[in-house]
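# Survey of secondary and tertiary structure
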Amino acid sequence: MRKRYPYIIVGSGVAGNAALEKLVDLGEKGNIFMISRDKHLPYDRPPLSKEFLRGKRKEEKVFYHTEGYFKDNGVDIALDTSVKEIGSKEKIVITSSGEEIAFDKLLMTPGVMPLRFKIKGTDLENIFYLRSLDDSKVIKDAMGRYKSAVIVGGGFIGMEVAAALVEKGITATLLTRGRWLWDRFINKEIASFFEDYYKRQGVNFIVNDEPVEFIGEGSVKGLRTKDGKTLDCDFVVAGIGTELPGEIFLSSGLAFDNGLVVYEYMQTNNPDIFGAGDAINFYDPVFKKRRRVEHWGHADYSGRLAAENMKGVKKPYDLLTYVFSRVFDLRLEFAGDETGYEEIKIIRGGFGDKSFTALYLKNGLARAYFQINGEQAERAELERRIRDDQAKV
Amino acid sequence: MRVRVDPDICTGCELCVTTCPEVFEMRGDKSIVINNPVPRLAEENCRKAVEECPVEAIIIEED
């Protein structure tokens, strides 16, 4: 007889863990099976590019739960295991170890994978990507052994890792092909605040350029850029984007289009299969469009929401998506939809105070804010404003 | 002592982070627990944070 669980959760990242916690809270002890590619019990991701890397948080403190939590709540977990196939009609999953396990409800939280370089020299050692705890440990280890690094990619991962590196006294150069830092998020004016700030902390910046070849024998010793620069370094950390795991869904008959397509209750085109996290294409009711969001807040929220809806609660998605970060002594909070704005207005503070808030507008209506070292009360007020304004669109 | 914040209840008022920064931290608009089990020296502040929480979102899992 094949084993059957009322709930199977595939993936142990932020979304998978959030769903697990919610199901346990809702009384589903003993009814859950979690399948994870990772070798470790579920752990939190944001510290991996920040506190953990900087040595401010010990390894045991990045885990969500101890082993006791799984035992006490009767949660079975298969680590270092992936799902090879989903039998949507038969309601089974087939794991990498060949096991067939049946479910009543399935939640897929596969996440996304770091995009890898496709240029000469990418197989050299000491070119690192950051997704898992083990990835972070390898980078942390390199930080203890080497003196200089190039960070490729001017997104959150790149910015956070650069901050951690210079704090440890490593010479860090950040190379981004964007016109400026975070060019998807912020305008040139705000970017120059961050660039100046980072430069003062010792990070070198090269914008509008990208690597075309890694140099070295055995391990990386540097790279050449499109503009013809040669940058020497002992290691490279890349945060150059992500890619979706698609194959598994295509063969399972689940709708997949820029992500696993889910409807308002996080259900897929199969009513017994749900999705959450970075890999889902969901309908955002605030901005009235389909989106895919790769941030902690959405992963946590959609995981919990999927869990409730798997229990039949019928609660629709309603989050004003947000992202946060902390670099050096700056606390960043961004919420809303950064695409398609016409104007960014500074509505509080100034760059000199290291504390300000920028509002993103289109046709005079608010659609996002970016707050640096600000207060929760202001964020709550801005969220109301964005929701009110977007209701008029 | 182990604690947990229920993110569905937490309103992100930051009171617990102010009272007991050893244990609580803001993650976007919610507070999360960064130190479990709670360090012995932080237990008193942590209990204060549990009591003060205006929406009772902090749960003591193990005393």
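Residues numbered from 1 in each chain as written. Chains lettered and ligands numbered in written order. Predicted model: local features only at pLDDT ≥ 70, side-chain atom pairs only at ≥ 80, totals over all residues. Heavy atoms only, no water.

### Concerning the overall build of chain A
Rules: Helix and strand labels come from DSSP, where a helix needs a run of H or I of at least four residues and a strand needs a run of E of at least two; each type is numbered from the N terminus. Only protein chains enter the accessibility calculation, which uses a 1.4 Å probe; a residue is then buried when its area is under 20% of its type maximum, exposed when over 50%, and partly exposed in between. Note on contacts: a residue pair is in contact if any heavy atoms of the two residues lie within 4.5 Å. Asp and Glu are treated as the negative residues and Lys and Arg as the positive ones, with His and the ends of the chain left uncounted. In this description, the location of a charge corresponds to atom NZ of lysine, CZ of arginine, CG of aspartate or CD of glutamate.
Secondary structure assignment for chain A yields 8 helices and 25 strands. Projected onto the principal axes, the alpha-carbon positions of chain A cover approximately 60 × 55 × 35 Å. Here chain A holds 393 residues, and 58% of them are scored as buried. At a minimum sequence separation of 6, the contacts of chain A that also span at least 24 residues come to 61%. Charge centroids of chain A, computed over 59 positive and 59 negative side chains, lie 1 Å from each other.

### Considerations on the sheet that holds strand E14 (residues 230-232) of chain A
Two orientations exist for strands paired in a sheet by backbone hydrogen bonds: parallel and antiparallel. Residues and elements named next belong to chain A. Note the threshold: Any two strands are treated as partners once DSSP identifies two or more bridges connecting them. To define axes, lines are fitted to C-alpha atoms, for helices over the stretch in contact only, and angles between the resulting N-to-C directions are given on a 0 to 180 degree scale.
Read across the sheet, 3 strands follow the order E12-E13-E14 without closing on themselves; strand pairing throughout is antiparallel. Among the strands making up the open sheet, the edge pair consists of strand E12 (211-217) and E14. Strand after strand, the sheet turns through a mean of 30° between neighbouring axes, direction not considered. Pairing of strand E13 (residues 219-225) with E14, which is carried by 3 bridges, proceeds in the antiparallel orientation. In the sheet register, Gly222 faces E14, and the bridge partner there is Asp232.

### Here's the deal with helix H7 (residues 296-310) of chain A
For the record, the criterion: Expected helix span is taken as 1.5 Å per residue step, with the number of steps being one fewer than the number of residues.
Here H7 of chain A is 15 residues long and its end C-alpha atoms lie 21 Å apart, about the 21 Å a rise of 1.5 Å per residue gives. The buried fraction of H7 of chain A is high, at 14 of 15 residues.

### Description of the domain arrangement of chain A
Residue and element names in this part refer to chain A. This is how the line gets drawn: In this document the domain limits rely on a domain assignment from an automatic tool or a database. Note: buried area is the sum, over both parts, of the accessible area (probe 1.4 Å) each one loses when the two are combined. Should a side-chain nitrogen of Lys or Arg be within 4 Å of a carboxyl oxygen of Asp or Glu, the pair is scored as a salt bridge. Each residue is assigned to one class: nonpolar for Ala, Val, Leu, Ile, Met, Phe, Trp, Tyr, Cys and Pro, charged for Asp, Glu, Lys and Arg, and polar for all the others, Gly among them.
Per the domain assignment, the segments of chain A are domain 1 (3-112 + 244-310), domain 2 (120-242) and domain 3 (329-391). When each unit is reduced to the centre of its C-alpha atoms, the spacing between domain 1 and domain 2 is 30 Å. On the side of domain 2, 18 residues touch domain 1, which itself brings 23 residues to the contact. Buried area between domain 1 and domain 2, both sides added, is near 1700 Å², and the carbon and sulfur share of it is 54%. Glu160 is the partner of Lys50 in a salt bridge, and the nearest nitrogen-oxygen pair spans 3.1 Å. Of the residues belonging to the side of domain 1 that touches domain 2, the class tally is 9 nonpolar, 5 polar and 9 charged.

### Examining the packing of aromatic side chains
Residues and elements named next belong to chain A. Here is the rule we go by: Working definition: a ring pair exists when centres of Phe, Tyr or Trp rings (six-membered ring for Trp) sit within 6.5 Å. Plane angles under 30 degrees give stacked, over 60 give edge-to-face, the rest tilted. The criterion for a charge sitting over a ring is simple: Lys NZ or Arg CZ within 6 Å of the ring centre, and within 35 degrees of the ring normal.
Counted under the stated rule, the structure contains 27 aromatic pairs over all chains. Relative to Phe351, the ring of Phe193 lies with its centre 5.3 Å away and its plane at 35°, an arrangement referred to as tilted. Here the residue Phe193 occupies a position in helix H5 (residues 188-200), and Phe351 occupies one in the loop between strand E23 (343-350) and strand E24 (355-362), the gap between them amounting to 158 residues. Taking the relative accessible area as the measure of exposure, Phe193 reaches 7% and is therefore buried. Aromatic pair Phe193 and Phe356: ring centres 5.2 Å apart, planes at 90°, arrangement edge-to-face. A residue pair is termed long-range when its members are at least 10 positions apart, and Phe193 in helix H5 and Phe356 in strand E24 qualify at 163 residues. One Lys or Arg, Lys140, reaches over the ring of Phe52 and ends 4.3 Å from the middle of that ring. The positively charged end of Arg179 is found above the aromatic ring belonging to Trp180, 4.5 Å away from the centroid.

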